[in-house]
Amino acid sequence: MNPKKIVRTLLILVVLVSNISCDQISKSIIRQKIGFNEHIGFLNNYVTMTRVENTGAMLSAGSSLSQPLKLLLLILLPIVVLALLLIYVLTKKNLSSLFVLAICFIIGGGVGNIYDRFTYGSVTDFLHINFGIFQTGVFNMADVSIMTGILLACLEVYFKPKTFAGQPPSV
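As a starting point, this report considers the structure included with it. (Residues numbered from 1 in each chain as written. Predicted model: local features only at pLDDT ≥ 70, side-chain atom pairs only at ≥ 80, totals over all residues. Heavy atoms only, no water.)

Structural notes on the overall build of the protein chain
To keep it simple, the criterion reads: Only runs of H or I of at least four residues qualify as helices and only runs of E of at least two qualify as strands under DSSP, and these elements are numbered from the N terminus. Classification of residues uses two cut-offs on accessible area relative to the type maximum, computed with a 1.4 Å probe and protein chains only: under 20% is buried, over 50% is exposed, and between them is partly exposed. The contact criterion used is simple: two residues touch if any of their non-hydrogen atoms lie within 4.5 Å.
Looking only at helices and strands, the protein chain features four helices and four strands. Across its three principal axes, the protein chain shows a C-alpha extent of roughly 55 × 35 × 30 Å. Sorting the 171 residues of the protein chain into buried and exposed places 30% on the buried side. Contacts spanning at least 24 positions in sequence make up 61% of the contacts within the protein chain whose residues lie at least 6 apart.

Here's the deal with a nonpolar patch on the surface
The criterion, for reference: Exposure above 30% relative accessible area and the lack of any salt bridge qualify a residue for a patch; like charges then connect within 9 Å, and the nonpolar side chains Val, Leu, Ile, Met, Phe, Trp and Tyr within 5 Å. Note on areas: these come from Shrake-Rupley sampling with a 1.4 Å probe, and a residue is covered only by the protein chains present in the view. By convention in these notes, a salt bridge is any Lys or Arg side-chain nitrogen within 4 Å of a carboxyl oxygen on Asp or Glu.
Taken together, the side chains of L65, L69, L71, L72, L73, L76, L77, I79 and V81 present a nonpolar region at the surface, about 710 Å² in accessible area. For L76, the location among the structural elements is in helix α2 (residues 67–91).

Digging into the sheet that holds strand β3 (residues 123–131)
As a reminder of what qualifies: Two strands pair if DSSP finds at least two bridges between them. Only C-alpha atoms enter the line fits that serve as axes; for helices the fit covers just the stretch in contact. Angles between N-to-C directions range over 0 to 180 degrees.
In spatial order, the strands read β1-β2-β3-β4; together these four strands make up an open sheet with antiparallel pairing. Only two strands of the sheet have a single neighbouring strand rather than two, namely β1 (39–42) and β4 (134–135). The sheet contact formed by strand β2 (residues 47–54) and β3 spans six bridges and is antiparallel. When the bridges of β3 are listed, M49 appears paired with L127. Here helix α1 (residues 3–33) sits on the sheet in contact with β2 and β3, set at roughly 90° to β3.

With respect to helix α3 (residues 97–120)
Filter applied, for reference: By this rule the span expected of a helix is its residue count minus one, scaled by 1.5 Å.
In this model α3 runs 34 Å from its N-terminal to its C-terminal C-alpha over 24 residues, within 8% of the 34 Å that 1.5 Å per residue would give. Looking one or two residues past α3, G121 carries a phi angle of roughly 80°, positive in sign.

With respect to the environment of I129
With respect to the helices, strands and loops of the structure, I129 is situated in strand β3. In the structure, I129 is positioned 126 residues away from P3 in sequence and 44 Å away in space, judged by C-alpha atoms. Those residues in contact with I129 that sit more than four places away from it in its chain are Y46, V47, F134, Q135, T136 and F139.

The analysis is restricted to geometry; functional conclusions fall outside its scope.
Below is the structure:
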């Protein structure tokens, strides 16, 4: 096996394991140290930590679905998509480092949340930001990983040189 390919694969695995570990360690601490709906404020209460168990997806979407539909839409389908993304990032040689990093963040965050759904039947969310007109739902580090990955992918697409009709990019 090519040494460059081995190093690339190892770096991908390090990023994935780091994302999943950060998410799972933070959730474990929250489950041990913070009671349900307990609020701990930081930065003049603009940022709060509170433990919420989310049985749905983002902002509890799908929490009222039947168990078979939840299994399909919140566990099985995401597993297939994440597996395909992993295969894609491991096999495509011409991807930029930024795009590979973006996909790894998305996969790592997705795996963290799927692990929770599979193991606990819900996802532990615990961070909330409220700056008046700007307010988030309650989220976790897996969500941060996913959003970071999406942002990095958008930056890659935005700043990537454009080619038209097979023409090389102009310099």
